[in-house]
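Structural description and commentary
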Amino acid sequence: MKEKRKKSLNSSQSLTNSPVLNTEALPYHVAIIMDGNGRWAQKRFLNRIKGHRKGAETVRTIVRTCREIGISILTLYAFSTENWERPRSEVTALMALLKKFLESEQKEMLENNIRLNAIGQIERMPEDIQAALHQTMTVTENKTGMLLNLALSYGGRSEIVRMVREIAKKARDGEIDIASITPALVSENLYTRGIPDPDLLIRTSGEIRISNFLLWQIAYTEIFFTDTLWPDFTKEEFLQILNGFKRRERRYGKIES
Ligand code: IPE
Ligand code: IPE
Ligand code: MG
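Parameters at a glance
Residues numbered from 1 in each chain as written. Chains lettered and ligands numbered in written order. Predicted model: local features only at pLDDT ≥ 70, side-chain atom pairs only at ≥ 80, totals over all residues. Heavy atoms only, no water. Helix = DSSP H or I, 4+ residues; strand = E, 2+ residues; numbered from the N terminus. Buried < 20%, exposed > 50% of the residue type's maximum accessible area, 1.4 Å probe, protein only. Polar contact = N/O pair within 3.5 Å; in protein donor to acceptor, adjacent residues only side chain to side chain. Contact = heavy atoms within 4.5 Å. Core = buried A, V, L, I, M, F, W, Y, C linked by side-chain atoms within 4.5 Å. Phe/Tyr/Trp six-rings, centres within 6.5 Å; stacked < 30°, edge-to-face > 60°. Near = heavy atom within 4 Å. Areas by Shrake-Rupley, 256 points an atom, 1.4 Å probe, with all protein chains shown as cover.

**Points about the side chain of Asp35**
- Its place among the elements puts Asp35 in the loop between β1 (29-33) and α2 (37-43).
- Since its relative accessible area comes to 18%, Asp35 is described here as buried.
- A polar atom in the side chain of Asp35 sits 3.3 Å from the side chain of Arg39.
- What Asp35 contacts, discounting residues up to four positions off in sequence, is Arg203, Thr204, Ser205, Glu207, Leu229 and Trp230.

Structure follows, in structure tokens:
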């Protein structure tokens, strides 16, 4: 994995000489809780939907930036299992925005060698969204420059429940021994199967909580909270956080020898 990481970093040269960013210490996998769209709109006496629309522009900027600087995996928390309980008009508007995003970004994903993946209860999404997702995932399936992983109708607890059911079924059917249930097997039965855990998690909007995101996967992730509302989040602030990440000492419970 170390070798692979180095290679992907070296292959993206566009910002390598930039004084703002040391690409040597980039996180391999960045996850973001994109929060604060509603408050951004409310502060301007606008409908919350306008905030989501503006937030979609930030998504575009951050996806581009990640691709440019050589981040290998970007996971974005776009819609949680709890978000279904918002007013129907907001849910409908979010779904429409997502569909628009998939349609408008497909060309850019193809041109920039980005593969799309979705994690979460995709079967709960409206059928047209599921179709758009599957279509984009299929046409980008062989892209290797970056993985854009969208968390949709995603909840860490329901992901864990689903994993427990899958493993219990395999144990009941005699496919696995109880003794072979390891952290690696648990990881393989999550939506994020095959995807290394995030190195860096960012949450915007000033809330200091995880809100049911990637509960298992963030065991040793470095976390940054910023007060900036997602629609105001910029490439510059993102690069600053990446520089902050570089200064973190990741000990994984051990001590420096
Ligand atoms: C994040 O912004 C987007 C989603 C959860 C879909 P919010 O809509 O949660 O914005 P705030 O937190 O109300 O400001
Ligand atoms: C987390 O934000 C979910 C997403 C960003 C998609 P929420 O706004 O739903 O979380 P809470 O309600 O502040 O915990
Ligand atoms: Mg919120």
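So that's the structure; there's more coming.
**Comments concerning the nonpolar core**
- Of all hydrophobic cores here, the largest spans 43 residues; its most connected members are Ile32, Leu74, Leu76, Leu148, Phe238 and Leu242.
- For this core, the element with the most residues is helix α4 (residues 88-111), which contributes seven residues.
- Leu242 has contacts with Leu21, Leu26, Pro27, Ile69, Ile71 and Leu200, leaving out every residue within four places of it along the chain.
- Ala31, Tyr154, Tyr191 and Leu201 belong to the second largest nonpolar core, which has eleven residues in total.

**A word on the packing of aromatic side chains**
- For the structure shown, the criterion picks out eight aromatic pairs.
- Both rings, one in Phe79 and one in Trp84, keep their centres 4.8 Å apart while their planes meet at 75 degrees; by these two values the pair is edge-to-face.
- The class of Phe79 is buried, set by a relative accessible area of 3%.
- Counting every residue linked through ring pairs, the aromatic cluster contains Tyr77, Tyr154, Tyr191 and Phe213.

**Notes on the site of ligand 1**
- Near ligand 1 lie 13 residues; those nearest to it are Asp35, Gly38, Arg39, Arg48 and Arg86.
- Arg48 is positioned with one of its side-chain polar atoms (N or O) 2.9 Å from an oxygen atom of ligand 1.
- In the complex, the protein chains occlude 88% of the 380 Å² of accessible area that ligand 1 would expose alone.
- Looking at the shell around ligand 1, the elements that each hand over two or more residues are α2, α3 (48-69) and α4.
- Considering each element in turn, the shell around ligand 1 owes the most residues, three residues, to α2.

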